[in-house]
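# Results of the structural survey
Each chain is listed here by its residues.
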Amino acid sequence: MHNNPALPWYRKLHIQVFIAMLLGAFVGKLGDGAVLPYIDWIGTIFVRLLRMMIVPLVFASIVSGVASVGGGRTLGRLFSKTLGYYVLSSTLAVLVGLVVVNVLKPGLGADFGAAASQTLPELSTPSSPLDLLIDMVPLNVVSAAANGDMLSLILFSILLGASIAVLPEKPRSTLMGVVDAFFQAVMKMTSWIIMILPLGVFSLIARAVGTLGFEEFKALGMYMVTIATGLTLHLFLVLPLLLMLLGKIKPSIHFRNMLDPLITAFSSSSSAATLPVTMRTVEEKVGVSNKVSSFVLPMGATVNMDGTALYECAGVLFIAQGLGIELTLLQQGTVVLTAILASIGAAAVPSAGLVIIFLVLESVNLRGPQVDLMVGAMLAIDRPLDMYRTSVNVFSDSCGAAIIARSEGETNVDAEVVSG
Ligand code: ASP
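Here's a quick rundown of the structure. Note that the coordinates shown come from a computational prediction; the quantities given were computed from them, not determined experimentally.

### A closer look at the site of the ligand
Lining the immediate surroundings of the ligand are 15 residues, of which Ser271, Thr308, Gly353, Asp386 and Arg389 lie closest. Contact between the ligand and Val349: a nitrogen atom at 3.1 Å from a main-chain N or O atom of the residue. Contacts to the ligand include Asp386, whose side-chain N or O atom sits 2.8 Å from a nitrogen atom. Burial of the ligand by the protein amounts to 100% of the accessible area it has alone, namely 270 Å². Elements that contribute at least two residues to the shell around the ligand include exactly helix 17 (352–355) and helix 20 (382–407).

### What to know about helix 12 (residues 259–268)
Burial of helix 12 is extensive: 8 of the 10 residues sit out of reach of the surface. Every buried residue belonging to helix 12 is among Asp260, Pro261, Leu262, Ile263, Thr264, Ala265, Ser267 and Ser268, and all of these are buried. Where helix 12 is buried, its residues meet helix 1 (13–29), helix 2 (36–69), helix 8 (197–210), helix 11 (251–257), helix 13 (271–286) and helix 20. Looking at the residues trailing helix 12, positive phi occurs at Ser269, about 55°.

### Remarks on the environment of Arg51
Structurally, the position occupied by Arg51 is in helix 2. It is 7.3 Å that separates the C-alpha atoms of Arg51 and Ala272, two residues lying 221 residues apart in sequence.

### Overview of a nonpolar patch on the surface
On the surface, Leu88, Leu233, Leu237, Leu241, Met244, Leu245 and Leu246 cluster together into a nonpolar patch covering about 610 Å² of accessible area. Here the nonpolar patch gets 6 residues from one element, more than from any other, and that element is helix 10 (residues 221–247). Here Leu241 is to be found in helix 10.

### What about the pattern of salt bridges?
Going through the model one piece at a time under the given rule, you end up with 10 salt bridges. Among the salt bridges present, the one from Glu362 reaches Arg367, with a minimum N-O distance of 2.9 Å. Its relative accessible area of 38% is what places Glu362 among the partly exposed residues. Two residues, Arg389 and Asp382, come together in a salt bridge whose shortest N-O distance is 3.0 Å. Across this residue pair, the class does not change: Arg389 and Asp382 are buried.

What counts and what doesn't
Residues numbered from 1 in each chain as written. Predicted model: local features only at pLDDT ≥ 70, side-chain atom pairs only at ≥ 80, totals over all residues. Heavy atoms only, no water. Near = heavy atom within 4 Å. Polar contact = N/O pair within 3.5 Å; in protein donor to acceptor, adjacent residues only side chain to side chain. Areas by Shrake-Rupley, 256 points an atom, 1.4 Å probe, with all protein chains shown as cover. Helix = DSSP H or I, 4+ residues; strand = E, 2+ residues; numbered from the N terminus. Buried < 20%, exposed > 50% of the residue type's maximum accessible area, 1.4 Å probe, protein only. Contact = heavy atoms within 4.5 Å. Patch = residues over 30% accessible without salt bridge, like charges linked within 9 Å, V, L, I, M, F, W, Y side chains within 5 Å. Salt bridge = Lys/Arg side-chain N within 4 Å of Asp/Glu carboxyl O.

Next comes the structure, spelled out in structure tokens:
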């Protein structure tokens, strides 16, 4: 860890990033987005650089993490803790979504006609939980990596790490040495990319602000307020409570250590693109070992999406309200369950949460042209909500890593705010 309080304020990364956000918002609005064509490429290159790191980082970090865990017992324990945390935090998120929609009732009086309908992006999403399971096993690991099939890559890396761990001393230490060295090199590259974080954030925020449609905001204002309230409750109340109760961690320290990934998630709307920043920060600032972070974070970026789970549940109930349909308790229960499954199946890329909402809608037989119109209207204003739910997704993964690391006896975790 490198705590460097002597750094002048303007050289601290999170301050540079904040200034970049403000500047980006200002420049994005200049002349109704006239400047965008000149600066858009910076954000595009930045996100491509981050995505370039995903496959080598996930591979190297999981293989070296799992190989260092050693015996199957510890592996099993880490695995159950990780899954336990995912299920707990996602369930709590969905319940928050359920409560806010039932209390604020945004569907009553929403004006779908006034919000311009848009075409949904084409994203492949699994159609059932069984499909998800089958898809996890790659036919060909190279093509899984080439296609960005994260779960397949994770599965392969865990198995490879576990098999290295049980090799005889000589080949084991040779392979571990190579993988560890490779992992360090990949982390170094990541830290270089993070140096241009302010530039990337500047351009991405300018794009987000410059392409917003304010008319749609008015039409679906109450819906936005509802989702934002739910996400805020989860981010600032539920997750901090988990940090305190399960990890004995001061939430304010964790928040401050996690500023860079939070802002990257917010500006890129993609947990996958944010993963390199999350991994580096959780290891270097939060102080979690590679053993734990390599287990919790890559898988978390793909399957543990609290913000998305909350959104699936609240979004479907909102549509039902808008159509004047009263869902029974059993149907609401179905929505809760499928919302969690949908958040597991959603890809960690922009708008994935909205595309996969059809899966949850289907589970309670909500379909037809009116439903399509509503989802199209929701897409028109999805970007800011996507930015917020992605930040919640990433934050929850980091809380999981910190809590599990503490439970594994790592006392250094979030012991102090690490600046730089
Ligand atoms: N954009 C989100 C993410 O990458 C997924 C979603 O659309 O909800 O985490």
